Amino acid sequence: MTMRITKFSHSCVRLSSGEGPGRDVVVDPGAWSERESLDGAAAVLITHEHPDHWTIEHLQASDAPIWTIEAVARQIREADAGVGERVTVVTPGEQLEIAGYDVRVVGEKHAVIHPEAPEFANSGFVLSADGTSVYHPGDSFELPGQDVDVFLGPACAPWARMSELVELARAVGAPRTLGIHDEVYSAKGLGIVDRFMNDFLGKQDGSWSRLAPGTDL
């Protein structure tokens, strides 16, 4: 069985691998994503503390263990001590085995929103299983440090120009890029993103997909 990648709203993605239950990992189930993304999940990964990437209400609706950075772990413990007991703190460069996936923690800084705005920690994740590798960067321009089969590429963000996100996707160079972080622009704006991404990634034999919530890649 090959890995299945299901796109939920905004930055939430669910990876399903292997035969039978217990091999589904959800990344960044935030306030703009569906609580149902966590149903039956074996593990949750969270890249950083912003509410569009995690919400305590979603985590309370699941009993899955959680892996995330210290800044998020601290906020989870403050919001609900019981949920906090399920949290494991990760550090940049760490290699993990989570629910049957090989997981590598990538980077430690959120992209700069504005020079005068607070800085935030952020760690992305490379997840590998069934001969497929997937990179979720969170809100970061950090490269994965390896070739990946699927890049979960931000489509739009207050911390990025479209040209920067195009260059990020080209630098990662994955054969397939699945658009995430796509709730910031209007439908018309996203149409412009789709045209640019398809044009520029197609020139280097890559592809861009931006799926409706609940759709599999």
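One can find the structure itself at the top, above this paragraph.
Bear in mind the structure is a predicted one, so any value in this text is a computation, not a measurement. (Residues numbered from 1 in each chain as written. Predicted model: local features only at pLDDT ≥ 70, side-chain atom pairs only at ≥ 80, totals over all residues. Heavy atoms only, no water.)

Caption draft 1: The sheet that holds strand E14 (residues 215-216), seen in detail. On the basis of which strands lie adjacent, the open sheet formed by 7 strands has the order E6-E5-E4-E3-E2-E1-E14 and mixed pairing. The open sheet has two edge strands with one neighbour each: strand E6 (87-89) and E14. Here strand E1 (residues 4-7) pairs with strand E2 (residues 13-16) via 4 bridges, running antiparallel. Residue pairing across strands places Arg4 opposite Ser16, the latter belonging to E2. (Pairing = 2+ DSSP bridges. Helix = DSSP H or I, 4+ residues; strand = E, 2+ residues; numbered from the N terminus.)

Caption draft 2: Expanded view of a nonpolar patch on the surface. A contiguous nonpolar patch, built from Trp32, Val184 and Tyr185 and spanning about 270 Å² of accessible area, is present on the exposed surface. Among the structural elements, Trp32 can be located in the loop between strand E3 (24-27) and strand E4 (43-46). By relative accessible area, Trp32 is classed as partly exposed at 45%. (Patch = residues over 30% accessible without salt bridge, like charges linked within 9 Å, V, L, I, M, F, W, Y side chains within 5 Å. Areas by Shrake-Rupley, 256 points an atom, 1.4 Å probe, with all protein chains shown as cover. Salt bridge = Lys/Arg side-chain N within 4 Å of Asp/Glu carboxyl O. Buried < 20%, exposed > 50% of the residue type's maximum accessible area, 1.4 Å probe, protein only.)

Caption draft 3: Expanded view of helix H4 (residues 162-172). Where H4 is concerned, the buried positions are Leu165, Val166, Leu168, Ala169 and Val172. The buried residues of H4 all sit within an arc of 160 degrees when viewed along its axis, so they share a single face. Elements in contact with the buried residues of H4: strand E11 (150-154) and helix H5 (187-202). Gly173, located one to two residues past H4, shows a positive phi value of around 70 degrees. (Arc of directions from axis to C-beta. Contact = heavy atoms within 4.5 Å.)

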